[in-house]
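Given next are the chains, with one letter for each unit.
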Amino acid sequence: MAAKKIRTPLTDDVVRGLRAGDAVEITGVVYQARDAAHKRLVALIDAGEDLPFELQGAVVYYMGPSPAKPGNVIGSAGPTTSGRMDAYAPLLMRRGLKGMIGKGLRTAEVKQAMQDETAVYFAATGGAGALLAQRIVGNEVIAYPELGAEAIARLEVKDFPAIVVNDCHGGDLYEEGRARYAKAE
Amino acid sequence: MRVRDLDVKDITEAVRELCITANYDLPRDVYDALVAACAAEESPVGREVLEQLVENADIAARDRVPICQDTGFAVVFAEVGQDVHLVGGTLADAVDEGVRRGYGDGYLRKSVAQEPAHARRNTKDNTPAILHTTLVPGDKVRLTMMAKGGGAENMSSLNMLKPSQGWAGMSQAVVDTVSRAGSNPCPPVIIGVGIGGTIDEVTLLAKKALLRDVGSTHPEARVAAMEDELLERINALGIGPQGLGGRTTALDVFIEEMPSHIASMPMAVNVQCHAQRHKTVEL
């Protein structure tokens with residue numbers, strides 16, 4: 001499967017060109033954020049305060065790494081289950097978030113927001129944290145270091161492999177892929 | 001009767017080592033099952049995912065890094081010989097100290113939060129461990145450490161079924177649990193099923209079932225046939241590797257069974273991701 005090479009931050013044009021099932025390789029900055037960080041980001045938005053990074057065009061990676069061994073950029077760094085961030089994702093998309101990398105099912109509300117706001121959801125391979133870490137070439141914690149693995153980090157990725165699961169046109173690889181291989185009972 | 005003294009320091013050291021090696025080295029049976037699935041999977045994207053998982057296990061073993069960043073809740077099964085006298089401290093403290101050192105020294109992620117409903121403060125050393133202790137004959141201590149990730153654990157289920165529902169209702173509930181979970185628990189999964197007992201015991205049976213080797217057959221033919229039926233039905237769901245579509249939704253299904261109350265038919269499903277990390281040592 002030939003992968004489409006894409007760069008962050010994402011523009012609406014790039015997002016519109018992606019279809020469920022496309023393999024991509026992402027290069028550029030992505031922001032590591034999971035449960036506790038999302039809770040804080042949304043609280044900042046609700047309070048009308050500035051966020052620790054620019055949301056416009058941004059891609060977030062739902063991930064909390066294991067500690068880096070000395071000399072390594074990052075520890076193992078595979079995706080966590082995205083569904084736990086569903087409560088926060090639509091608001092972030094309305095504020096300019098264009099891409100999410102994670103694994104697992106999204107709610108109808110999140111998928112609708114992706115269509116309304118022109119955003120895309122990528123799956124990276126869950127449980128391939130040692131392999132995916134090799135595609136992360138820069139790592140700087142930019143907010144909430146006290147959260148440990150749940151801090152927000154600015155990650156520089158190079159040819160980071162992912163697959164488009166939900167595109168901005170309503171495509172859903174989880175549904176389509178499953179239907180293709182399901183056998184009637 | 002001679003009693004053997006065992007210093008709990010040895011238990012701490014053993015648990016420390018188990019935590020690290022279980023998280024770096026995928027068990028051979030799981031590795032072989034992933035390799036076999038690469039050859040058998042019909043979906044091209046499914047094959048690609050499975051190949052990544054094999055390569056990932058190779059990298060983790062070679063570079064001595066965790067297979068997955070979720071290095072789990074430390075679940076420890078201690079089978080303590082009743083002719084062993086533990087000296088120098090308590091078993092629970094020794095196991096927790098082993099987890100503390102293993103997760104620190106091994107650069108493993110600390111994933112335990114206290115006050116789950118409110119503060120959710122990280123305990124910062126991955127303690128407490130979940131410790132299941134049983135007394136067994138002999139003068140040895142057998143320790144099994146399982147690194148249980150949160151994503152798959154979250155997709156597990158407890159089902160208090162009615163006896164009238166029978167195996168048809170029970171097997172459907174197992175398949176429904178896996179179907180609902182979809183891509184969330186990082187398929188291909190391994191499914192542990194507990195049947196019978198009480199709510200505490202049935203969930204423990206489901207967890208213990210996960211300790212079996214992938215590809216092994218249950219010694220009782222009746223139970224083995226139940227496992228085969230469930231595996232076939234689960235792999236007909238089409239979920240596939242990482243839920244992207246395919247034939248390999250589960251690598252195996254294991255059942256542990258015990259008698260139930262005449263009014264009850266409890267069944268628990270413990271969902272395990274493909275990174276089935278566990279290791280055993282005997283002291």
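Here the structure is a predicted model, which means the values were calculated and not measured.

(A) Structural detail: helix α6 (residues 166-181) of chain B. Residue and element names in this part refer to chain B. An ideal rise of 1.5 Å per residue puts 22 Å on 16 residues; α6 measures up with 23 Å between its terminal C-alpha atoms. Each element contacted by the buried residues of α6 is listed here: β8 (157-161), β9 (189-197), α8 (221-235) and β11 (265-272). Looking one or two places after α6, you find Gly-182, whose phi comes out positive at around 50°.

(B) Here's a closer look at helix α2 (residues 28-40) of chain B. Here α2 of chain B contains 13 residues, and its C-alpha end-to-end distance of 18 Å stays within 8% of the 18 Å for a straight helix at 1.5 Å per residue. Structurally, α2 of chain B contributes buried residues whose contacts are with α3 (44-63) and β10 (250-260) of chain B.

(C) Representation of empty space enclosed by the protein within the structure. Residues and elements named next belong to chain B. Scanning all chains against the criterion turns up 1 cavity of 30 Å³ or more. Each pocket or cavity is described by its volume, and for the largest cavity that value is around 40 Å³. Elements supplying a minimum of two residues to the lining of the largest cavity: α6 and β9. Here the residues of the lining of the largest cavity sort into 8 nonpolar, 2 polar and no charged.

(D) Local environment of the nonpolar core. Core analysis: the largest hydrophobic core is formed by 120 residues, its most contacted members being Ile-26 and Phe-122 of chain A together with Ile-191 of chain B. By residue number, the principal contributor to this core is strand β7 (residues 152-166) of chain A, which donates 9 residues. Here this core gathers at least three residues from each of two domains, domain 1 (4-23 + 67-148) and domain 2 (151-277) of chain B. Contacts of Ile-26 of chain A, omitting those with residues within four sequence positions, involve Ile-6, Thr-8, Ile-101, Phe-122, Val-157, Lys-158, Asp-159, Phe-160 and Ala-162 of chain A. Core analysis: the second largest hydrophobic core is formed by 26 residues, Val-15, Ala-94, Tyr-103 and Leu-108 of chain B among them.

(E) Summary view of the sheet that holds strand β6 (residues 130-136) of chain B. Residue and element names in this part refer to chain B. Across the sheet, which stays open at both edges, the 4 strands sit in the order β6-β2-β7-β12 with mixed pairing between neighbours. Edge positions in the sheet fall to β6 and β12 (277-282), since each of these pairs with one other strand and no more. The mean angle between the axes of side-by-side strands here comes to 15°, regardless of whether they run parallel or antiparallel. Taken strand by strand, helix α4 (residues 91-105) contacts β2 (73-81), β6 and β7 (141-148), and its axis lies near 140° from that of β2.

(F) Summary view of the layout of surface pockets. By volume, the second largest pocket is sized at about 270 Å³. Looking at the second largest pocket, it is lined by 19 residues, and the ones nearest its centre are Pro-161, Ala-162 and Ile-163 of chain A together with Glu-48 and Gln-52 of chain B. Put simply, the parts of the chain that give the lining of the second largest pocket at least two residues each are β2 (23-32) and β7 of chain A together with α3 of chain B. Of all the elements, α3 of chain B adds the most residues to the lining of the second largest pocket, at 4 residues. Here the residues of the lining of the second largest pocket sort into 12 nonpolar, 3 polar and 4 charged.

(G) Up close: the interface of chain A and chain B. Contact with chain A, which involves 40 residues of that partner, is made by 47 residues of chain B. When chain A packs against chain B, the two sides together hide about 3500 Å² of surface, and 54% of this comes from carbon and sulfur. Three residues, Lys-69, Arg-178 and Tyr-181 of chain A, lead the burial of chain A against chain B; their summed loss comes to 21% of the area buried on that side. Our count for the contact surface shared by chain A and chain B stands at 0 salt bridges. Inspection of the region where chain A meets chain B yields 20 residue pairs in polar contact (both at pLDDT 80 or more). Broken down by element, the side of chain A that touches chain B gets its largest block of residues, 5 residues, from helix α6 (residues 173-181) of chain A.

(H) Layout of the side chain of Thr-21 of chain B. Residue and element names in this part refer to chain B. Residue placement: Thr-21 occurs in helix α1 (residues 8-24). Under the relative-accessibility criterion, Thr-21 is labelled buried at 10%. Polar contacts involving the side chain of Thr-21 include one to the main-chain carbonyl oxygen of Glu-17, which spans 2.9 Å. Sequence-distant contacts of Thr-21, that is, excluding residues within four places in its chain, are made with Arg-64 and Lys-279.

(I) Representation of the domain arrangement of chain B in the model. Residues and elements named next belong to chain B. Annotation of chain B at the domain level lists domain 1 (4-23 + 67-148) and domain 2 (151-277). The C-alpha centroid of domain 2 is placed 26 Å from the C-alpha centroid of domain 1. Listed per partner, the contact involves 14 residues of domain 1 and 13 residues of domain 2. Between domain 1 and domain 2 the total buried area reaches about 1100 Å² when both faces are included, carbon and sulfur atoms providing 65% of it. Along the contact surface separating domain 1 from domain 2 lie 1 salt bridge. Where Lys-148 meets Glu-153, a salt bridge forms, and the shortest distance between an N and an O atom there is 2.8 Å. Here domain 1 is connected to domain 2 by 5 residue pairs in polar contact (both at pLDDT 80 or more). The set of elements that each furnish at least two residues to the side of domain 1 that touches domain 2 consists of α1, β2 and β7. Along the lines of polarity and charge, the residues of the side of domain 1 that touches domain 2 split into 8 nonpolar, 4 polar and 2 charged.

Cut-offs applied
Residue positions are counted from 1 within each chain, in the order its sequence is given. Lettering for chains starts from A, numbering for ligands starts from 1, and both go in the order in which the items are written. Note on the predicted model: pLDDT of at least 70 is required for a residue's local features to be given, and 80 or more for side-chain atom pairs to be given and counted; whole-chain, interface and lining totals, by contrast, use all residues. Heavy atoms throughout the structure, all of them, feed into the side-chain values; hydrogens and water do not. The helix count covers DSSP runs of H or I at least four residues long, the strand count covers runs of E at least two residues long, and both are numbered beginning at the N terminus. A helix is expected to span 1.5 Å multiplied by its residue count minus one. Residues count as neighbours in contact if any of their non-hydrogen atoms are within 4.5 Å of one another. Of the two site types, the cavity is a set of points on a 1 Å grid over the protein atoms alone where a 1.4 Å probe fits but cannot get out, and the pocket is an open set with protein on both sides within 12 Å along at least five of seven lines, each lined by residues with an atom within 4 Å of a point. Grid points are joined across faces, edges and corners, and a volume is the space filled by probe spheres set on the points. Charged means Asp, Glu, Lys or Arg here, nonpolar means Ala, Val, Leu, Ile, Met, Phe, Trp, Tyr, Cys or Pro, and polar covers whatever is left, Gly included. Buried residues of nine kinds, namely Ala, Val, Leu, Ile, Met, Phe, Trp, Tyr and Cys, make up a nonpolar core once their side-chain atoms join them within 4.5 Å. Here's how the labels work: a residue is buried when its accessible area is under 20% of the maximum for its type, exposed when over 50%, partly exposed in between, all with a 1.4 Å probe on protein chains only. Domain start and stop positions are those given by an automatic or database domain assignment. Following DSSP output, two strands are said to pair if at least two bridges run between them. To get an axis, a line is fitted to the C-alpha atoms, and for a helix only the part in contact is used. The angle between two axes follows their N-to-C directions and goes from 0 to 180 degrees. As a working definition, buried area equals the accessible area (1.4 Å probe) given up by two parts on being put together, with both sides summed. The working definition used for a salt bridge is a side-chain nitrogen of Lys or Arg within 4 Å of a carboxyl oxygen of Asp or Glu. In protein, a polar contact requires one atom able to donate a hydrogen and another able to accept it; more generally it is a pair of N or O atoms within 3.5 Å, and residues adjacent in sequence count only if both atoms are side-chain atoms.

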